[in-house]
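Listed below, chain by chain, are the residues.
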Amino acid sequence: LNAVLQAIGKVLHPNHITAIRVPLTVAAIGLDQVSHIAGATTYAVTTLIDWLDGAVARSTKGKETREGTLLDPFVDKVSNFMALSYQIGFHIDDIAFTTAALASILLNAVSQLQRGSLLRQADDVRKGVLSPESCEPVETDAAVQNIKANTFGKLKQMLECGAITGMFLLGE
């Protein structure tokens with residue numbers, strides 16, 4: 001598996017893999033208009049890509065960067081915001097659903113603000129996507145020290161993506 005991840009890392013920078021999730025979320029929303037299964041499947045692929053980007057970064061020397069560690073949760077929030085906003089449109093009459101979706105969006109926004117200035121984050125995201133080779137590498141020890149936060153964040157993201165995928169499947 002490590003050889004496959006390294007081969008992917010030679011072709012695609014992990015930050016580009018991360019960034020692909022935003023247009024894929026737009027595609028999932030568009031495909032959902034035609035087929036709920038197609039929309040759900042496409043959104044589920046974004047969850048797999050969320051795993052892939054980090055795995056490629058960790059297996060490819062020098063590609064685990066500070067900007068990438070900021071880009072990943074930023075894209076998580078943007079993708080979830082788009083998908084939840086789309087779903088709210090179908091369930092606006094369901095007060096419990098709408099409240100839960102809005103609460104999730106709000107908590108994601110607050111969580112992202114905890115990472116610092118949005119202007120700094122936007123600059124890091126831009127740099128991470130447009131010029132990933134100039135990004136700052138993360139020391140392995142620092143990445144290991146943050147594993148608890150990363151594990152919790154990834155678990156939350158997987159659960160949220162699973163719920164959103166289910167919403168796509170259920171349709172209107």
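You'll find the structure just up there.
Residues numbered from 1 in each chain as written. Predicted model: local features only at pLDDT ≥ 70, side-chain atom pairs only at ≥ 80, totals over all residues. Heavy atoms only, no water.

Each helix and strand in the protein was counted, giving 9 helices and 0 strands. Secondary structure elements in the protein, listed N-terminal to C-terminal, are α-α-α-α-α-α-α-α-α. Taking 16 Å as the expected radius of gyration for a compact globule of 172 residues, we find that the protein reaches 16 Å, a close match to that expectation. Along the three orthogonal principal directions, the C-alpha set of the protein runs to about 50 × 35 × 25 Å. When the 172 residues of the protein are sorted by exposure, 40% land in the buried category. (Helix = DSSP H or I, 4+ residues; strand = E, 2+ residues; numbered from the N terminus. Rg over C-alpha atoms; globule rule 2.2 N^0.38 Å. Buried < 20%, exposed > 50% of the residue type's maximum accessible area, 1.4 Å probe, protein only.)

What follows concerns the side chain of E160. If you trace the backbone, E160 turns up in helix α9 (residues 147-170). Engagement of the side chain of E160 in a polar contact is seen with the side chain of N80, the distance being 2.9 Å. A polar atom in the side chain of E160 sits 3.3 Å from the side chain of N108. The residues contacting E160, other than those within four sequence positions of it, are N80, L84, S104 and N108. (Polar contact = N/O pair within 3.5 Å; in protein donor to acceptor, adjacent residues only side chain to side chain. Contact = heavy atoms within 4.5 Å.)

Between helix α3 (residues 21-32) and helix α4 (residues 36-59), the shortest axis-to-axis distance is 7 Å and the interhelical angle comes to 165 degrees. Between α3 and α4, the crossing angle belongs to the class labelled roughly antiparallel. As for how α3 packs across α4, the hand of that crossing is left-handed. For the pair α3 and α4, contact is made by R21, L24, T25, A27, A28, L31 and D32 and by H36, A38, G39, T42, Y43, V45, T46, I49, D50 and D53, respectively. Of the residues belonging to the contact of α3 with α4, the class tally is 8 nonpolar, 5 polar and 4 charged. (Axes fitted to C-alpha atoms, helices over the stretch in contact; angles between N-to-C directions. Parallel < 35°, antiparallel > 145°, perpendicular 65-115°, else oblique. Left-handed = near helix turned anticlockwise from the far one by under 90°. Nonpolar A, V, L, I, M, F, W, Y, C, P; charged D, E, K, R; others polar.)

Turning our eyes to something else, we now look at the pattern of salt bridges. Applying the stated criterion across every chain yields a total of 10 salt bridges. Across the pair R66 and D124 runs a salt bridge, and its minimum N-O distance is 3.1 Å. Of this pair, R66 sits in helix α5 (residues 66-90) while D124 sits in helix α7 (residues 118-130), placing them 58 residues apart in sequence. The closest approach of N and O atoms between D123 and R126, which form a salt bridge, is 2.6 Å. Here D123 pairs with R126, and both are found in helix α7, just 3 residues apart, close to one helical turn. Each of the salt bridges in this network shares a partner with another, and the network as a whole consists of R21, D50, D53, D72 and D76. (Salt bridge = Lys/Arg side-chain N within 4 Å of Asp/Glu carboxyl O.)

The description of an aromatic ring pair rests on the distance of the ring centres and on the angle between the ring planes. Under the criterion given, the structure shown has 3 aromatic pairs. Pairing Y86 with F168 gives two aromatic rings, centres 5.8 Å apart and planes at 25 degrees, and the pair type is stacked. Of this pair, Y86 sits in helix α5 while F168 sits in helix α9, and the two are 82 residues apart along the sequence. Like Y86, the residue F168 is buried in the burial classification. Counting every residue linked through ring pairs, the aromatic cluster contains Y43, Y86, F90 and F168. (Phe/Tyr/Trp six-rings, centres within 6.5 Å; stacked < 30°, edge-to-face > 60°.)

Okay, the environment of I49 next. One can find I49 in helix α4. Residues I49 and K154, 105 residues apart in the sequence, show an inter-C-alpha distance of 12 Å.

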